[in-house]
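# Observations on the three-dimensional arrangement
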Amino acid sequence: RAFDKETEAAAVEGYAFKFNSATTIGDHFREEILPGAADDILNDDVRALFNHDPNFVLARSNKGEGTLQLSIDDIGLKYRYETPDTTFAKDLAENIRLGNVSQSSFAFNIEEQNWIERDGEVPLRQITKLKSLFDLSLETYPF
């Protein structure tokens, strides 16, 4: 979380996902996003939500013209938005500040993927190209 002294608005920023970082999805498989997989989604109309709940919209990219800024760097897909003047968003910003909410998730469609299966290991899905990104979400319990 950052604070902009000019506008006196609290900004929230983080990563929706990090490249080459495997996440366990339930007990079913592991998943990692490879560099380059997100190159074609920056102009998608993406919402920032709390716990993937469409009733708790925090910001919207609106294809690059909205209140949610998306960018890709060497680490992953980065997001930033100024906390809207709504009760739940201010409460969430405080919980982020306190460290009670500290993780992110995202909802997407896949265009290309690889599966790696090794004896004795949970399968690994490598996403090489995302087809679309619907939302990124600040999460209490990310999957």
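Every value quoted in this text rests on a predicted model; they were computed, and no experiment measured them. (Residues numbered from 1 in each chain as written. Predicted model: local features only at pLDDT ≥ 70, side-chain atom pairs only at ≥ 80, totals over all residues. Heavy atoms only, no water.)

### Here we look at the nonpolar core
Quick reminder of the rule: In these notes, a set of buried Ala, Val, Leu, Ile, Met, Phe, Trp, Tyr and Cys residues joined through side-chain atoms within 4.5 Å is what counts as a nonpolar core. For the exposure calls, accessible area comes from a 1.4 Å probe over protein chains only, and a residue counts as buried if that area is under 20% of its type's maximum, exposed if over 50%, partly exposed in between. The numbering of helices and of strands both runs from the N terminus, where a helix is a DSSP run of H or I of at least 4 residues and a strand a run of E of at least 2. The contact rule is simple, with two residues in contact once any of their heavy atoms fall within 4.5 Å.
Counting 29 residues, the largest nonpolar core has Phe17, Leu68, Tyr81 and Leu138 as the members making the most contacts within it. At the level of secondary structure, the elements contributing two or more residues to this core comprise strand 2 (9–18), strand 5 (47–50), strand 6 (53–60), strand 7 (68–72), strand 8 (76–82), helix 1 (87–98), strand 9 (103–116) and strand 10 (124–139). Broken down by element, this core gets its largest block of residues, five residues, from strand 10. Contacts of Phe17, omitting those with residues within four sequence positions, involve Ile33, Ala38, Ile75, Gly76, Leu77, Phe106 and Leu130.

### Structural notes on the confidence of the model for the protein
Counted only if it meets this: The quantity called pLDDT is the predictor's confidence in a given residue, expressed from 0 to 100.
Per-residue pLDDT for the protein has a mean of 91; in total, 93% of the residues score no lower than 70. The low-confidence segment residues 1–7, where pLDDT is below 50, has 15 contacts with residues more than four positions distant or belonging to other chains.

### Brief notes about the pairing of strand 8
A regular strand places its side chains on the two faces of the sheet in alternate fashion. Convention followed: For two strands to be treated as a pair, DSSP must find no fewer than two bridges joining them.
Bridge count for strand 7 against strand 8 is five bridges, and the pairing is antiparallel. Following the sheet pairing, Leu70 is matched in strand 8 by Tyr79. Counting the residues that bridge the hairpin from strand 7 to strand 8 gives three residues.

### A closer look at helix 1
The following threshold applies: A helix is expected to reach a length of 1.5 Å times the quantity of its residues less one. For this quantity, the arc is that covered by the directions from the helix axis to the C-beta atoms.
Taking 1.5 Å per residue as the helical rise, helix 1 with its twelve residues ought to reach 16 Å, and the 17 Å between its terminal C-alpha atoms agrees with that figure. Those residues of helix 1 that fall on the buried side of the exposure criterion are Ala89, Leu92, Ala93 and Ile96. All buried residues of helix 1 fall inside an arc of 105° around its axis, so they share one side. Those residues of helix 1 that are exposed and angled more than 90 degrees off the buried face are Thr87 and Arg97. Looking at the residues trailing helix 1, positive phi occurs at Gly99, about 85°.

### Description of unusual backbone geometry
Residues other than glycine predominantly adopt negative phi, and peptide bonds predominantly adopt the trans conformation. You will see that Asn20, though not glycine, has its phi angle at about 55°, which is positive. With respect to the secondary-structure elements, Asn20 resides in the loop between strand 2 and strand 3 (23–25). Look at Asn20 and you get partly exposed, because its relative accessible area is 48%. Its identity is not glycine, yet Asn51 carries a phi of approximately 55°, on the positive side. Looking at where Asn51 falls in the secondary structure, it is placed in the loop between strand 5 and strand 6. Overall, Asn51 belongs to the partly exposed group, its relative accessible area being 32%.

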